[in-house]
Amino acid sequence: MAEPEENIASRPGRLDGWWLVGAVLLLFALLVLTAGPPLDLRYPLGLDHGWELQKARMVNRGWTLYRDIWNDQPPLHTWVLSLLFRLGGEKAAWGCLLSLAAALAVGWCVACCCVRGIAGPVGVSVALLLMFASDPFLPLAISSQLIVPAAAAGMTAVCLAGWRRVPVRWAPLLAGAAMGIAAQVKMTALLYGPACAVILALRNPDEYAQEGWWGRLLRMAAFALVVVISFLAVALCWPGELQGLWTHFSPEMRAAFAHDLHFQWAWFGSNPALWALAASFPVAANRRQWVRGFPFLVNIIMTLAILQVHRPAKGYYMVHMVVPATILAAVSVQAGWDALARWWGRGEMPPLTLGWLAGIGALFYGLLAAPAELIHGLRRLHVRDLPHEREVLHRMQYCKRWSDWAFSLGAMPAFQAGMLTPPWTTVLPGKRIRLNPNVGDEVAADITRWRPGAVYIPSSLVTESVRSILDQQYQLVFQADQFLLYFRRDIATHYHEENPFASERERDPRDNGSPFVNPPMGPG
């Protein structure tokens, strides 16, 4: 006879209800909106931050991904962001709010995965604080990048796979459809697929008793098939998408980044507490918790293996390991809470086994360190702006008076200045330079065709063909940290006429042969 399901909220030492989880999610949102950096971030958190915003702006203005705009990512996030731009204006805050909402959704999905036999509201709430405070999660939770929305979409599929209100015969279909759609946010959402498959195999053993492992394998196969079908169904809405997506996995891409393929083991050192708590799962878990937590242990192992093979140099992919680790960490935190609660209620401490000691340590670390780390991380993000980015933005905003177009490798200044970028160069990461030795000719052709008012580009990517165009038609007005800002010569003339101080200092270096000196900000 199967052991009846326990109401985890009614166990001794656990809080009634899940209001505490909601309070933690609300606290995180309020910290970001008030104590943290402003949501209209003026300066880039990373190159992808500006590229995602600029892609959505271009789509909102009527350009088409994959046909007009070069892109190797799925379209769903860009489409949602462009819709928000259409409804509320082209502001960076929409991208940040979208990621913040996704971060809260990840937290709620973590709580839903813990509700049945893994941990209670105390363990989940403290573990969530650890997740929110972790180094890869916090910056991406207020960035326009795709990682946290992909994690939210993937964890939604995980929740559907284990939701008891969904009949077993429908669970593989619903979870598979959700996972296919999640992959259209970012392909890394598929990293949550192993957890979904294992949950479908282990879910409700009584319902599988008459089918055996053959029936479980069929459901896992049905899940995988529906993932592919739903992914392709969404892809049909964006012609040419698959061709663009596969460039992300091409041998040429791997060869271009061969020197970056080293795993960032130092990342583990930056999150020792989170991984120590996840490692304590075996000593803190009982049999039921082992069964419930095993899919997320599989998730961590598979994610580590896949990232080691594909893109180990990208530290922000570690978000997809932080999320399942949070679920396992909640087990240890809850064990410590149970130990203290029983001691308080009965007046005696239970035997101090390794599991209890690990749980008590996890509980106190989470209560003391996680809030401080979260506030410290928000303050650190608040002062991440770079002075030269303010200088560049100041000049681009002036340029907007004379031109709507800018060619910019760092798309964030162009976005904040309200300037479009040439469609094919809206996303111009270094990988395009590495993948195509003739990309300099393409860039030169784009500059010639669109004649952007401003060109903002690192000196290392100025090829001979690009340099010849810049020398003929543009004038250097600012240089910092190896980045060069050029104005078209007719705009540079207006700029110097209206800004006499700049006209004395911001001259073309070719005029006198002297090294270029960065001028201080002038009026205008």
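Residues numbered from 1 in each chain as written. Predicted model: local features only at pLDDT ≥ 70, side-chain atom pairs only at ≥ 80, totals over all residues. Heavy atoms only, no water.

Enquirer: Go over the environment of valine 291, please, and point to the residues and values.
Expert: Tracing the backbone shows valine 291 in helix α17 (residues 287-309). Accessibility expressed as a relative area gives 33% for valine 291, which makes it partly exposed. (Helix = DSSP H or I, 4+ residues; strand = E, 2+ residues; numbered from the N terminus. Buried < 20%, exposed > 50% of the residue type's maximum accessible area, 1.4 Å probe, protein only.)

Enquirer: Give a detailed account of the confidence of the model for the protein, specifying residues and quantitative values.
Expert: The predicted model of the protein has a mean per-residue pLDDT of 77, with 75% of residues at 70 or higher. Mean pLDDT across the secondary structure elements of the protein bottoms out at helix α26 (residues 500-505), with 50, and peaks at helix α3 (residues 76-88), with 93. In the predicted structure, residues 1-15 sits below a pLDDT of 50 and forms 34 contacts with residues beyond four places in sequence or in another chain. Between residues 507-524, whose pLDDT stays under 50, and residues either more than four places distant or in other chains, the model counts 36 contacts. (pLDDT = per-residue confidence, 0-100. Contact = heavy atoms within 4.5 Å.)

Enquirer: Could you give an account of α3, naming the residues involved and the relevant values?
Expert: Taking 1.5 Å of rise per residue, the 13 residues of α3 would be expected to cover 18 Å, and the 18 Å separating its terminal C-alpha atoms lies within 8% of that figure. Those residues of α3 that fall on the buried side of the exposure criterion are Leu76, His77, Thr78, Leu81, Ser82 and Phe85. Within two residues after α3, glycine 89 carries a phi angle of roughly 95°, on the positive side. (Expected span 1.5 Å × (residues − 1).)

Enquirer: Break down the sheet that holds strand β4 (residues 483-488) for me, citing the residues and quoting the values.
Expert: Strand pairing in a sheet relies on backbone hydrogen bonds. The paired strands run either parallel or antiparallel. Pairing is mixed in the open sheet, where four strands are placed in the order β1-β2-β4-β3. Taken across any chain shown, the strands that pair with only one partner, and hence form the sheet edges, are β1 (406-408) and β3 (474-480). Each strand axis lies, on average, 15° off the axis of its neighbour in the sheet, ignoring direction. The sheet contact formed by β3 and β4 spans six bridges and is antiparallel. Note that in β4 the partner of alanine 480 across the bridge is phenylalanine 483. Strands in contact with helix α24 (residues 464-473) are β2 (454-458), β3 and β4; relative to β3, the strand with the most contacts, it is inclined by about 110°. Against the sheet, helix α25 (residues 489-498) makes contact with β3 and β4, and its axis sits at roughly 90° relative to β4, the strand it touches most. (Pairing = 2+ DSSP bridges. Axes fitted to C-alpha atoms, helices over the stretch in contact; angles between N-to-C directions.)

Enquirer: Account for the packing of aromatic side chains, naming residues and giving values.
Expert: Taken as a whole and assessed by the stated rule, the structure comprises nine aromatic pairs. Considering the side-chain rings of tryptophan 63 and tryptophan 405, the 6.2 Å spacing of their centres and the 80° angle between planes classify their relative orientation as edge-to-face. Here the residue tryptophan 63 occupies a position in the loop between α2 (47-60) and α3, and tryptophan 405 occupies one in the loop between α20 (387-399) and β1, the gap between them amounting to 342 residues. Residue classification places tryptophan 63 among the partly exposed positions, given a relative accessible area of 26%. Note on phenylalanine 487 and tyrosine 495: the rings are 5.5 Å apart at their centroids and 75° apart in plane angle, and the pair reads as edge-to-face. With respect to class, phenylalanine 487 is no different from tyrosine 495; both count as buried. Following the ring pairs from residue to residue traces out a cluster consisting of Phe28, Phe132 and Phe137. (Phe/Tyr/Trp six-rings, centres within 6.5 Å; stacked < 30°, edge-to-face > 60°.)

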